[in-house]
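Listed below are the residues making up each chain.
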Amino acid sequence: MAANIVETIRATGVVGAGGAGLPTHVKAEATVDTVLVNGASCEPLLMSDPYLMEAEIDTVVRGLEAILDCTKAEKGIICLKGKHAKALASVRDAVARDTSGRIDFFELKDFYPAGDEQVMVYEVLGRTVPERGIPLQVGAVVSNVESLFNVARAMDGKPVTHRYLTVGGEIRKPMVVKVPVGTLVSDVLEFAGGPTISKYKVVDGGPMMGRVLPDTNQPVTKTTSGLLVLPPDHNVVAGKIKDPEKIRRITNTVCCQCSRCTDLCPRNLLGHSLHPHKLMRVLDAHVLESETAKEALLCSECGICEKFACPMMVSPREVNAQIKKVLMRERITWQSSGKELKANPYRASRAIPTKRLIQRLNLAKYDVHPGFAGEFIPSMVTLPLGQHIGAPATCVVSVGDKVCCGDLIGEIPEGAMGARIHASIDGVVESIAEGKVTIRKA
């Protein structure tokens, strides 16, 4: 039975909807004692996961039960913040209706990054994931709400073709909306009434870890959790589009070594050997010679050091990312000392309240908790063949082919880790170029 579930998840193209897009069948093949449902809605302003827990909890629970069955886990715990009152009430009711005794819930405190999987494992289970490790090493799997929603649909034979996402910021009608994967960002913004300002940038994802899109002709992917429209000079945008080399030079020059970035670092607070303020001393020419530089491999790039901690308004996160890139290119790995990891005794008092973070980011006026606006169906979609961790899918259609929503258009390369891609609307394949398949309604 477990093998059948894993194969069904693989065949329907389910990937992690809340992060980098790890193919879900990879996690489903693990054996653990606990599955945690990540409903933290960790990034400020993003509301699609609370909506799904409120309106589609039975479907989410069915997906959770499927993952429990294939991982042989004894317990599934739905983790969400108490501030999402309607979602919490829905989850409570679902747990009360469960007769198996396998489903429970955990009310998270409202801090960032409560949805980081290593932070969540510690908060809920009291277990510390090893440095540079994954929850599997301590007997847990963490799956996002929408991932489990898609797993349940997979059990019904329905592949991943749509995405729930939040549209917010400088937009006329903030909303949670369901769109076909591959819908152009420009079409989503138009459906939401359009931007309220003439010059703007769009952040794909949340304000802390999301990326600024080069333009609005980019497609929504399986991992697009939100589209935030912000002024080009907004502090959320500015740090993401500044030249990395310039950031490095300024940071190395201005850093006053106060160690506040380390004091508030979530990984450091879990006991990991990550000290961002020390990494600020590592010079470009000595990255490969420095033992301290290897600590950058432990960084989750959550952005607290950059957006909240640093009084000088520089970016330890960007320095860490640049060092990490050099180390990974040279295939340098982290070697743990083997010492027992102990959480900082001041960890709880150093957690960053989401409300304070929103104020610091100058996002308070956009924190409107939008409702569900329904489904938007565009006339055209552009589907990247690589929208997940692993090898891009191999295109199995040709220009001119007629396809229906749910038809396979991208197959996992033989022997590779990857995810299938399916048509998200009925139509005709208009073009195949640069690793993307464009389908237009007939």
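I will try to describe carefully the structure that is included in this document. Nothing here was measured: the structure is a model prediction, and the numbers come from that model.

Describing the nonpolar core
Nonpolar side chains in soluble globular proteins tend to be buried together.
Part 1 of the argument: One finds Leu-64, Ile-67 and Ile-78 to be the most contacted residues of the largest nonpolar core, which totals 39 residues.
Part 2 of the argument: For this core, the secondary-structure elements that each account for two or more residues are helix H1 (2-11), strand E1 (34-39), helix H3 (48-55), helix H4 (57-71), strand E2 (75-81), helix H5 (85-97) and helix H7 (145-155).
Part 3 of the argument: Looking at which element gives the most residues to this core, the answer is H4, with eight residues.
Part 4 of the argument: Those residues in contact with Ile-78 that lie beyond four places of it in its chain are Val-37, Met-53, Ile-57, Val-61, Leu-64, Val-91, Ile-103, Asp-104, Phe-105 and Phe-106.
Part 5 of the argument: Grouped together as the second largest cluster of nonpolar side chains are 38 residues, Ala-40, Leu-108, Val-237 and Tyr-366 included.

Considerations on a nonpolar patch on the surface
Part 1 of the argument: Judged by side-chain polarity, Val-26, Ile-389 and Met-417 come together as a nonpolar surface patch covering roughly 200 Å² of accessible area.
Part 2 of the argument: You can see Val-26 is positioned in helix H2 (residues 24-28).

Overview of the packing of aromatic side chains
Part 1 of the argument: Overall, the coordinates contain five aromatic pairs when judged by the stated rule.
Part 2 of the argument: The interplanar angle of 20° and the centroid separation of 4.4 Å between the aromatic rings of Tyr-51 and Phe-372 together place this pair among those described as stacked. Of this pair, Tyr-51 sits in helix H3 while Phe-372 sits in strand E12 (residues 372-375), and the two are 321 residues apart along the sequence.
Part 3 of the argument: Given a relative accessible area of 17%, Tyr-51 falls into the buried group.
Part 4 of the argument: With a centroid separation of 6.0 Å and 40° between ring planes, the pair formed by Tyr-164 and Phe-372 is classed as tilted. Here Tyr-164, found in strand E6 (residues 162-169), pairs with Phe-372, found in strand E12; they are 208 residues apart in sequence, far enough to count as distant.
Part 5 of the argument: Connected via pairs of aromatic rings, a cluster forms that spans Tyr-51, Phe-149, Tyr-164 and Phe-372.
Part 6 of the argument: Cation over ring: Arg-360 sits above Phe-308, and NZ or CZ is 4.3 Å from the ring centre.

Reading guide: rules and limits
- Residues numbered from 1 in each chain as written.
- Predicted model: local features only at pLDDT ≥ 70, side-chain atom pairs only at ≥ 80, totals over all residues.
- Heavy atoms only, no water.
- Core = buried A, V, L, I, M, F, W, Y, C linked by side-chain atoms within 4.5 Å.
- Buried < 20%, exposed > 50% of the residue type's maximum accessible area, 1.4 Å probe, protein only.
- Helix = DSSP H or I, 4+ residues; strand = E, 2+ residues; numbered from the N terminus.
- Contact = heavy atoms within 4.5 Å.
- Patch = residues over 30% accessible without salt bridge, like charges linked within 9 Å, V, L, I, M, F, W, Y side chains within 5 Å.
- Areas by Shrake-Rupley, 256 points an atom, 1.4 Å probe, with all protein chains shown as cover.
- Salt bridge = Lys/Arg side-chain N within 4 Å of Asp/Glu carboxyl O.
- Phe/Tyr/Trp six-rings, centres within 6.5 Å; stacked < 30°, edge-to-face > 60°.
- Lys NZ or Arg CZ within 6 Å of the ring centre and 35° of its normal.

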